[in-house]
Each structure stands twice: as structure tokens, then as C-alpha cells.
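Structural features, examined
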Amino acid sequence: MTRTFTVAEMSLRELTRRRGVLLMLLILPLAFYLARRGDHLGQSIRFVCLGLCWALSTAALFTGSAARALEPRLRLSGYRTHELFLGRLVALWTLGVALSLPYFLLIRLDQQDVRYGAIAVIMLLGVVVSPLLGLAVSALLPRDLEGMLVLLTVVGLQMIMDPAGTASRALPFWFTREIGTYAIDHTPAPYLTRGLIHALVTTTLLMLVVAVAFTIRLRQRPHLRFVS
Amino acid sequence: MRPEIWLAALSDELRRHGVGPDLAGHVVAEAAAHLRDSGEQPLRAFGAPAAYAAAVADSVGGPVAAARPAGPVRLRAVDIVKRYGRRPVLAGVSLTVRAGQVAAVVGANGSGKSTFLRICAGLAGADGGRVEVHGTIGYCPQAGGTADFLRADEHFALIGAGRGIRRGEALRAGAHAAAALDWRPGPQQSRHLSGGTRQKLNLVLAALGDPDVLLLDEPYQGFDRGTYLDFWHEVWRWRDEGRAVVVVTHLLNQLDRVDVVLDLSASTAGAAA
């Protein structure tokens with residue numbers, strides 16, 4: 001556990017020293033929010049949640065890519081694979097909570113007649129899922145640019161696809177639209193339930209992808225044998 | 001003194017001190033790169049050419065190894081094969097290093113020295129052969145291997161935690177090892193360190209926690225004269241402490257000062273024990 005938290009602490013230190021990136025992470029969801037605030041308040045909530053998800057998954061992508069060169073050395077130093085990716089996730093989840101809080105307060109003050117609890121749930125689930133998506137992409141695609149294009153595609157599709165369609169459920173942030181509808185349009189509870197199930201399944205699948213990808217990349221090579 | 005003149009004088013002095021042309025060329029190239037990167041005056045960075053050449057000639061291998069009983073095997077690489085596509089890089093390379101020995105892996109550019117070391121560390125796969133490590137490994141890469149936005153003490157804490165060392169102890173050990181390389185870690189993030197200082201950090205990290213086997217891939221890149229000497233003194237100290245040290249190097253003209261030499265330049269196959 002100490003090792004996991006050490007990785008988390010160092011990852012957080014690295015993240016907080018990238019001030020320019022942090023500023024952009026903080027501003028980007030605001031742009032999403034303001035883009036539709038004038039004509040459709042509900043849509044602005046959906047967009048800010050997606051903006052947070054995108055910002056966090058991007059941060060995770062760059063964190064994962066930056067750590068690639070160091071992680072084999074950390075494995076040699078005695079870290080287990082799961083300690084490395086869990087440590088990064090803990091750091092990113094912490095950052096996610098810190099980034100989401102101001103936006104929740106903004107919605108709380110700026111919007112009326114919405115289910116605030118459900119909005120908090122969307123944000124929390126976004127904080128959980130987004131870093132997993134970013135780390136999974138970074139684990140599968142070694143270059144930042146390719147990863148960025150994938151994340152752009154995911155968020156772009158999430159915005160333009162009809163959330164009621166079956167295909168859109170394959171997207172990782174579909175739950176934000178579903179629970180968002182529950183929170184904004186006061187639809188019945190099944191919207192919330194479907195969103196929660198989707199987030200749970202997405203989290204499980206992405207965690208599996210991250211664990212398998214990290215395990216393969218940082219595996220002990222078969223030619224090497226440590227003799228005690 | 002202009003750098004070109006100083007470098008020419010250094011080249012002459014190295015030859016005068018009996019340093020072979022390969023080594024001399026490498027030393028001059030390293031010095032030129034350092035001067036270019038740092039913008040320092042050569043006399044200020046390295047001192048007089050004659051003195052620097054004498055130091056290089058004197059230090060390249062360190063003290064002659066006294067005859068000692070061989071310790072237990074720490075690293076055994078047997079028949080290592082590696083190909084990049086159809087191009088064979090290593091064909092049946094073997095190396096055995098015991099506790100209290102220093103092995104030098106030498107060879108021309110592209111002969112597979114770094115690849116061999118990465119295979120020994122398990123950082124690269126092999127197409128054939130096996131590696132046995134008796135104990136723990138410390139690995140120092142030629143470049144990279146550090147986190148740009150972390151300070152040196154944070155690196156010590158991070159690597160130390162992996163090795164099961166308490167933070168305070170890791171910080172003390174890191175600072176102590178850094179002092180042996182004439183470096184006092186400050187609050188700078190590693191991205192702000194010079195190339196040589198970053199390599200000092202790399203070296204300290206490799207040795208943190210006293211691993212049984214040290215794999216060092218040309219760790220002296222960017223070192224100034226004093227640090228270069230300090231580095232070899234550290235190597236001898238590690239050897240005397242009973243550790244097995246493998247150094248990938250060009251700088252080797254006195255082979256009697258290391259215990260094992262693996263030369264990969266002649267062919268893709270080699271063996272040393």
C-alpha cells in the first residue's frame with residue numbers, strides 16, 4: 001500500500017507542477033459549459049460533464065505516456081505492476097475530484113430545477129471512468145498524438161450521436177447523457193439505473209484493459225530468472 | 001583558449017599519455033559535446049589539456065584489481081540471441097559475473113552493447129538464451145530513466161519505496177551517494193538539470209538500496225573530469241563491497257583493471273567469464 005501511495009504522491013506532484021496544463025484542464029470544461037449556456041441550460045450541464053471527462057482522460061493519457069520510460073525502472077526497483085497503475089489512478093482520481101468540485105458549485109449556483117445529487121453522481125463517475133480511459137489508451141497506443149485522436153473521436157462521437165441509439169451505448173461516457181437526462185429533464189429512475197450500470201460496466205472493462213495492458217508491457221521477460 | 005585549440009591540444013596530450021586512438025577520439029568527442037552544450041570555457045570546465053589527459057590516462061580502469069577469491073555468481077547470461085528483423089545483433093553471447101567483480105562490455109557502435117545490458121536487466125526480450133540473476137538489479141540507462149517534473153530527493157523517495165527503504169533513509173542514502181559524485185542535489189526538477197547531473201541522478205538511483213548486480217550503460221555521458229574519476233572510484237568501491245558491476249563502455253584501454261571483458265565488436269557472438 002505504501003508503494004501505491006508513493007506512486008500516487010509523486011504522480012500528483014508531477015501533475016501539479018504542469019501549471020499550464022492544469023490551467024487548460026480547468027478552463028476547458030468551462031468553455032463547454034459556456035458554449036450552450038445562453039440557449040440551453042440543460043445542455044450546458046451535459047457538455048460540462050463531457051468536458052470534464054475529456055479533460056481528465058487527456059490528463060491521464062499524458063500522465064501514462066510520460067511514465068512509460070520510468071515504469072520499467074520502477075518495476076526493477078521492486079514495484080509490482082498493479083502498484084504502478086493504481087498509484088497513477090489514485091493521483092488522477094484526486095485531481096478529478098479537485099477539478100470537478102468548482103464546476104459542481106457553479107451548477108449549484110447557476111442552475112435551478114435540476115437534480116443536484118444526480119449531477120454529483122455524473123461527475124463522480126466521470127472522475128472514476130475518465131482516468132481509466134486515458135490510461136487504457138496510453139497503454140495501448142504508445143504515441144500521444146494517436147491517443148489524442150482516439151480521445152477526440154470518442155468525445156466527438158459522444159456529442160453527435162443520438163444517446164437513445166443502441167450504438168451510442170458502446171461509448172464510454174454514455175452514462176453522462178443518461179444520468180444527465182434524469183438530472184435535467186426529471187425523467188424516471190430507470191434513466192439513473194441504466195446510467196449507473198453503464199458506468200459500472202465501463203469501469204470494469206477499462207480497469208481490465210489497463211491491468212492487462214500494463215501487465216503485458218511490464219511483464220518479467222521469460223529469458224530472465226531471479227534466483228533467490 | 002578557444003575550444004578548437006584546446007581540443008586539439010587535448011588530442012595530442014592523450015596520444016602522448018599512451019591513450020589509444022579510439023579512446024582518445026571518444027574523450028575528445030565527449031569534451032567537445034560538453035563544451036558545446038554548456039558553453040563553458042574549456043580551461044574552466046576541464047583545466048589544462050595536459051592535466052586532463054593525464055587524469056584520463058590515469059583513471060581509465062582505476063586501480064589494478066588485486067587477486068581475490070571469486071565470489072558467488074551474481075549474473076549469468078548464456079547464449080543470448082537477439083535479432084532486429086532479420087539483422088542479428090547478438091548471436092550466442094555469454095557473460096558470467098561474480099560478486100566482487102567488474103565486467104566491461106565493449107564494442108563498436110551498433111554492436112549490441114546496450115541491447116545486451118537491457119536483456120540482462122529484463123527490459124528487452126531475447127530471441128534465445130537465458131539470464132540468471134542472483135539477487136537484485138540496479139540499472140542505469142544511457143539517457144532518460146528519470147521523471148522530468150520530480151526533484152532529485154523525490155526520485156530517491158520513489159525508488160527507495162520500491163526497494164522497501166524508508167523515506168528518510170532513502171533521502172540520506174541518495175544524498176550520500178550524490179556527494180560521492182561531487183553533487184549536492186538541490187530543489188531543481190530533473191528537467192532543469194544538465195545532462196551530466198541528470199546522469200549522476202541516474203547513477204545514484206541505480207545504486208540506491210545496494211542492489212547485488214549493477215548494470216551501467218555508459219553512465220558517464222556528460223560527466224566532467226572530476227566526476228568521471230569519481231564514477232570509477234565508485235565502481236571500485238562497489239566491487240570491493242562484493243557487488244557485481246557490469247559497465248558498458250568505450251573508455252577502456254587498460255583491460256587488466258577490470259575482471260571480465262566482453263568484447264562485442266569483433267562479431268555478433270562473444271563470451272566472457
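The rules we used
- Residues numbered from 1 in each chain as written.
- Chains lettered and ligands numbered in written order.
- Predicted model: local features only at pLDDT ≥ 70, side-chain atom pairs only at ≥ 80, totals over all residues.
- Helix = DSSP H or I, 4+ residues; strand = E, 2+ residues; numbered from the N terminus.
- Buried ≥ 20, exposed ≤ 12 C-beta atoms within 10 Å, placed from the backbone.
- Contact = placed C-beta atoms within 7 Å.
- Core = buried A, V, L, I, M, F, W, Y, C linked by C-beta atoms within 7 Å.
- Pairing = 2+ DSSP bridges.
- Expected span 1.5 Å × (residues − 1).
- Axes fitted to C-alpha atoms, helices over the stretch in contact; angles between N-to-C directions.
- Parallel < 35°, antiparallel > 145°, perpendicular 65-115°, else oblique.
- Left-handed = near helix turned anticlockwise from the far one by under 90°.
- Nonpolar A, V, L, I, M, F, W, Y, C, P; charged D, E, K, R; others polar.
- pLDDT = per-residue confidence, 0-100.

Before going further, it helps to spend a moment on the overall build of chain B. The helix and strand tally for chain B stands at 9 helices and 9 strands. Buried residues in chain B amount to 47% of all 273 residues. Partitioning the intrachain contacts of chain B with sequence separation of at least 6 by distance along the chain shows that 75% fall at a separation of at least 24.

Core analysis: the biggest nonpolar cluster contains 129 residues, and Val-105, Cys-120, Leu-215 and Val-246 of chain B have the highest contact counts within it. The biggest single contributor to this core is helix H3 (residues 41–67) of chain A, with 14 residues. Those residues in contact with Val-246 of chain B, other than ones at most four positions away along the chain, are Leu-75, Val-97, Ala-103, Val-105, Leu-117, Cys-120, Leu-214, Leu-215 and Leu-216 of chain B. Counting 11 residues, the second largest nonpolar core, distinct from the first, contains Leu-14, Val-27, Ala-31 and Ala-53 of chain B.

Time to look at the interface of chain B and chain A. Listed as interface residues are 27 residues of chain B and, on the opposing side, 24 residues of chain A. Counting only elements with at least two residues in the side of chain B that touches chain A, the list comes to strand S4 (128–134), strand S5 (137–140) and helix H6 (152–162) of chain B. Inspection of the sheet shows strand S1 (residues 224–227) of chain A paired to S4 of chain B by 4 bridges, in the parallel sense. If you follow Arg-225 of chain A over to S4 of chain B, its bridge partner there is Glu-132 of chain B.

Let us now look at unusual backbone geometry. Even without a glycine there, the phi angle at His-186 of chain A is positive, about 55°. Looking at where His-186 of chain A falls in the secondary structure, it is placed in the loop between helix H8 (174–185) and helix H9 (189–217). Its 12 C-beta neighbours within 10 Å are what place His-186 of chain A among the exposed residues. With a phi angle near 40°, Glu-218 of chain B is a residue other than glycine that sits in the positive phi range. Topologically, Glu-218 of chain B is positioned in the loop between strand S6 (213–217) and helix H9 (225–240).

Time to look at helix H2 (residues 19–37) of chain A. Note that an α-helix has 3.6 residues per turn; residues three or four places apart therefore point the same way. Residues and elements named next belong to chain A. The end-to-end C-alpha distance of H2 is 27 Å, a good match for the 27 Å that 19 residues give at a rise of 1.5 Å each. Listing the buried residues of H2 in full gives Leu-25, Pro-29, Phe-32 and Tyr-33. Buried residues belonging to H2 abut H3 and helix H5 (81–110).

Turning next to the sheet that holds strand S8 (residues 260–263) of chain B. All names here are of chain B. Here 5 strands make up an open sheet; going across it, the order is S5-S6-S7-S3-S8 and the pairing parallel. At either margin of the open sheet sits one strand with a lone partner, and together these are S5 and S8. Taken pair by pair, the neighbouring strands of this sheet meet at an average axis angle of 15°, ignoring direction. Across 4 bridges, strand S3 (residues 102–106) lies against S8 in parallel orientation. Each residue of the ladder has a partner; that of Ala-104, found in S8, is Val-261. Packed onto the sheet, H9 meets S3, S6 and strand S7 (244–248) and runs at close to 150° relative to S7.

Residues and elements named next belong to chain A. The contact between helix H6 (residues 116–140) and H9 brings their axes to 9 Å, and the two run at 25°. The orientation of H6 relative to H9 falls into the category roughly parallel. The two elements H6 and H9 cross, and the hand of that crossing is left-handed. Along the contact surface, H6 presents Ala-118, Leu-125, Val-128, Val-129, Leu-132, Leu-133, Leu-135, Ala-136, Ala-139 and Leu-140, while H9 presents Leu-192, Ala-199, Thr-202, Thr-203, Leu-206, Met-207, Val-209, Val-210, Ala-213, Phe-214 and Arg-217. Among the residues forming the contact of H6 with H9, the class breakdown is 18 nonpolar, 2 polar and 1 charged.

This part is about the confidence of the model for chain B. Summing up the model confidence of chain B, the mean pLDDT is 84 and the portion of residues at 70 or higher is 89%. Across chain B, the element-wise mean pLDDT spans from 60 in strand S9 (residues 271–272) of chain B up to 95 in H6 of chain B.

Right, let's get into helix H7 (residues 144–160) of chain A. Compared with an ideal rise of 1.5 Å per residue, which puts 17 residues at 24 Å, H7 of chain A spans 24 Å between its outermost C-alpha atoms and is within 8% of the ideal. Those residues of H7 of chain A hidden inside the fold are in contact with H3 and H6 of chain A.

To continue, consider the packing of H8 of chain A against H9 of chain A. Residue and element names in this part refer to chain A. The geometry of H8 relative to H9 is characterised by a closest axis approach of 8 Å and an angle of 160° between their N-to-C directions. Relative to H9, the element H8 is oriented roughly antiparallel. As H8 runs across H9, the sense of the crossing is left-handed. Every residue of H9 that contacts H8 at Trp-174, Phe-175, Glu-178, Ile-179, Thr-181 and Tyr-182 is listed here: Tyr-191, Leu-192, Arg-194, Gly-195, His-198, Ala-199 and Thr-202.

All names here are of chain A. Examined against the element boundaries, Leu-151 turns out to sit in helix H7. Residue class for Leu-151 comes out buried when judged on the 21 C-beta atoms lying within 10 Å of it. Taking the C-alpha atoms as reference points, Leu-151 and Arg-73, 78 residues apart in sequence, are found 28 Å from one another. Those residues in contact with Leu-151, other than ones at most four positions away along the chain, are Trp-54, Ser-57, Thr-58, Leu-61 and Val-137.

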